[in-house]
Amino acid sequence: LQGIFVLGLPYALLHSGYSGLLLIVLAAAFCCYTGKILIACLYEENEDGQLIRVRDTYEDIANACCKNLSPSLGGIVVNVTQVVELIMTCILYLVVSGNLLSHSFPYVPVTEKTWSVIAFVTLLPCIFIRTLKIVSKLSQLCSLVHFVIIFVVITYCLTRMHQWSWAKFRLSLEFENFLVSVGVIIFSYTSQIFLPTLEGNMKNPEEFRCMLNWTHFFACILKTTFALTAFLTWGEKTKEVITDNLPSFLETLVNLCLLIKALLSYPLPFFAATEIVYSCISSDNHSNYRSPLLALTIRGSFLLLTLLMATFTPHFVLLMGLSGSVTGAAMTFLLPSLFHLKLQWKKLSFLEKCADMSVFILGFLCSLAGIVCSIKGLLEVFG
């Protein structure tokens, strides 16, 4: 999920300057923290003081927090939010795939939307994905392709090291462009939707916090290195997607790698979204939930929905920004901090309460700023 955003990090530095480097570090720290407190909400202490996993999903946490209002209200809100974000992510991968194919084969007389349909055909086998094991193997391949892309870009930038200059960094900032940079940097780390399932499937769940620390640490190092070397190479000429700055032969190669990455990335949010729907249906009718025909129907419906949205929705990127500002900030910052305060208030120290409140305020401000920028963009487009 992070690959598309990583390619925009050098452009984010163009508009955020030195503060952008600090933001990359702070975003890693904040997202790592909210991941930990979200998983902490899955556990309660028994009579012996031992931590026992009493909840399994984000939905269970929400229901526990809202049980005084309604036994299932919190779960419904979280499930709808998750499904919207996951489906929008799937649609974005289709849109990006069409765009990459269009740029890779400019002499082929095919429209970008038609390329999206062609990319969609390659994703039809997703209907038959039943387990997370298959998705994990595809994600491993996706990670491998991701590192190839990063390696190619960084290697090319290092060959231009003689042109680097720290004078390219801005000291003065334009507030609106800075907010866009904040959004790109923060949401390049988001993964909270998948964490409860990931932690629950780990062979040694007690190592989850250590794993989260190291993955965010290395992600921070990689993203800082990538963004810094790319920006120092192109400076003011840095484009929104850094691959557009590459020479034509490298751009085509990297675009094809990005296409493979986008197609390999699609199954994870697709599988997660369908699993959420399955769990909701199973709570009402367990026998139908196990019906192979129903399973294929739901997966097929989701696939078709992503294709229709990618093909017929105008200005999808702006709509994605609007929904992402709401759902992304909610799932990453607002809800984890709110749930942690609600479920473990009596156990938290004063500093922990302050930290949770600070994260909530930060998430609210980021969400509000993203909504304002997205709505302004939509108003400008629609005149």
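To be clear, the structure that these remarks concern was listed above.
Everything numeric here is computed off the predicted structure, so don't read it as measured data.

Rules behind the numbers
- One numbering rule holds for all chains: residues counted from 1, following each sequence as written.
- With pLDDT at 70 or above as the cut-off, local features in this predicted model cover only qualifying residues; side-chain atom pairs require 80 or more to be listed or tallied, and sums for whole chains, interfaces and linings still use all residues.
- Heavy atoms from the whole structure form the basis of all side-chain values; hydrogens and water molecules are not counted.
- Helix and strand labels come from DSSP, where a helix needs a run of H or I of at least four residues and a strand needs a run of E of at least two; each type is numbered from the N terminus.
- Based on C-alpha atoms, the radius of gyration is set beside the globule rule, defined as 2.2 Å times the residue count to the power 0.38.
- Only protein chains enter the accessibility calculation, which uses a 1.4 Å probe; a residue whose area is less than 20% of its type maximum is buried, one above 50% is exposed, and one in between is partly exposed.
- When checking whether two residues touch, look at their non-hydrogen atoms; a contact exists if any pair is within 4.5 Å.
- Here an axis means a line fitted to C-alpha atoms, over the contact stretch when the element is a helix, while the angle between two N-to-C directions is reported on a 0 to 180 degree scale.
- With the far helix as reference, a near helix turned anticlockwise by less than a right angle produces a left-handed crossing, and one turned clockwise produces a right-handed crossing.
- For this classification, the nonpolar set comprises Ala, Val, Leu, Ile, Met, Phe, Trp, Tyr, Cys and Pro, the charged set comprises Asp, Glu, Lys and Arg, and every other residue, Gly included, is treated as polar.
- Among the buried residues, those of types Ala, Val, Leu, Ile, Met, Phe, Trp, Tyr and Cys that are joined through side-chain atoms within 4.5 Å form a nonpolar core.
- Between 65 and 115 degrees an angle is taken as roughly perpendicular, under 35 as roughly parallel, over 145 as roughly antiparallel, and anywhere else as oblique.
- The salt bridge criterion pairs a side-chain nitrogen of Lys or Arg with a carboxyl oxygen of Asp or Glu, the two atoms within 4 Å.
- Working definition: a ring pair exists when centres of Phe, Tyr or Trp rings (six-membered ring for Trp) sit within 6.5 Å. Plane angles under 30 degrees give stacked, over 60 give edge-to-face, the rest tilted.
- In this analysis the charged atom, NZ for Lys or CZ for Arg, is taken to sit over a ring once it is within 6 Å of the ring centre and within 35 degrees of the ring normal.

**Describing the overall build of the protein chain**
Helices and strands together make up the secondary structure of the protein chain, namely 16 helices and 2 strands. Taking 21 Å as the expected radius of gyration for a compact globule of 383 residues, we find that the protein chain reaches 21 Å, a close match to that expectation. Reported as C-alpha extents along the three principal axes, the dimensions of the protein chain are approximately 65 × 50 × 45 Å. Across the 383 residues of the protein chain, 48% fall into the buried class. Considering only contacts within the protein chain whose residues lie at least 6 apart along the sequence, 78% involve residues at least 24 apart.

**Considering the environment of L228**
With respect to the element layout, L228 can be found in helix α10 (residues 208–234). With relative accessibility at 18%, the residue L228 sits in the buried group. Residues L228 and I154, spaced 74 residues apart in sequence, show a C-alpha to C-alpha distance of 9.7 Å. L228 has contacts with L13, L21, W166 and F169, leaving out every residue within four places of it along the chain.

**Points about the environment of C66**
One can find C66 in the loop between α4 (58–65) and α5 (73–104). With relative accessibility at 18%, the residue C66 sits in the buried group.

**Here's the deal with the packing of helix α3 (residues 18–40) against helix α16 (residues 350–381)**
For any two helices packed against each other, one specifies the inter-axial angle together with the distance between the axes. Contact geometry for α3 and α16: axes closest at 11 Å, N-to-C directions at 115 degrees. The two elements α3 and α16 meet at a crossing, and its hand is left-handed. Across the interface between the two elements, F30, Y33, T34 and I37 from α3 touch E352, A355, D356, V359 and L362 from α16. Partitioned by chemical class, the residues of the contact of α3 with α16 number 6 nonpolar, 1 polar and 2 charged.

**Notes on the nonpolar core**
In terms of nonpolar packing, the biggest core is built from 80 residues, with F226, Y266, F302 and F339 touching the most fellow members. The leading source of residues in this core is α5, at 14 residues. Setting aside its immediate chain neighbours within four residues, F339 contacts C41, Y58, I61, A62, C65 and V78. Among the nonpolar cores identified, the runner-up in size contains 25 residues, and A12, C31, F231 and F333 belong to it.

**A short note on the packing of α5 against helix α14 (residues 292–312)**
Where α5 contacts α14, the axes come no closer than 9 Å and their chain directions differ by 60 degrees. Overall, the two elements α5 and α14 adopt an arrangement that is oblique. Considering the relative orientation of α5 and α14, their crossing is right-handed. Residues V83, I87, C90, I91, L94 and V95 of α5 form the contact with α14, whose own contacting residues are F302, L305, T306, L307, M309 and A310. Per-class residue counts for the contact of α5 with α14 are 11 nonpolar, 1 polar and no charged.

**Describing the pattern of salt bridges**
Across all of its chains, the model carries 4 salt bridges by this definition. R55 is the partner of E44 in a salt bridge, and the nearest nitrogen-oxygen pair spans 2.9 Å. Taken as a pair, E44 in strand β1 (residues 43–45) and R55 in the loop between β2 (51–53) and α4 lie far apart in primary sequence, 11 residues in all. Classification of R55 by relative accessible area gives buried; the value is 11%. Of the charged contacts, one joins E199 and R53 as a salt bridge, the two residues approaching to 2.8 Å between their closest N and O atoms. Of this pair, E199 sits in helix α9 (residues 195–201) while R53 sits in strand β2, placing them 146 residues apart in sequence. With relative accessibility at 25%, the residue R53 sits in the partly exposed group.

**Concerning the packing of aromatic side chains**
Two measures describe an aromatic ring pair: the distance that separates the ring centres and the angle between the ring planes. One pass over the full model with this rule turns up 7 aromatic pairs. Relative to F218, the ring of F217 lies with its centre 5.4 Å away and its plane at 70 degrees, an arrangement referred to as edge-to-face. Here K353 stacks its cationic end above the ring of W345, 3.9 Å away from the centre of that ring.

Honestly, that's just the spatial picture; any functional story needs more than this.
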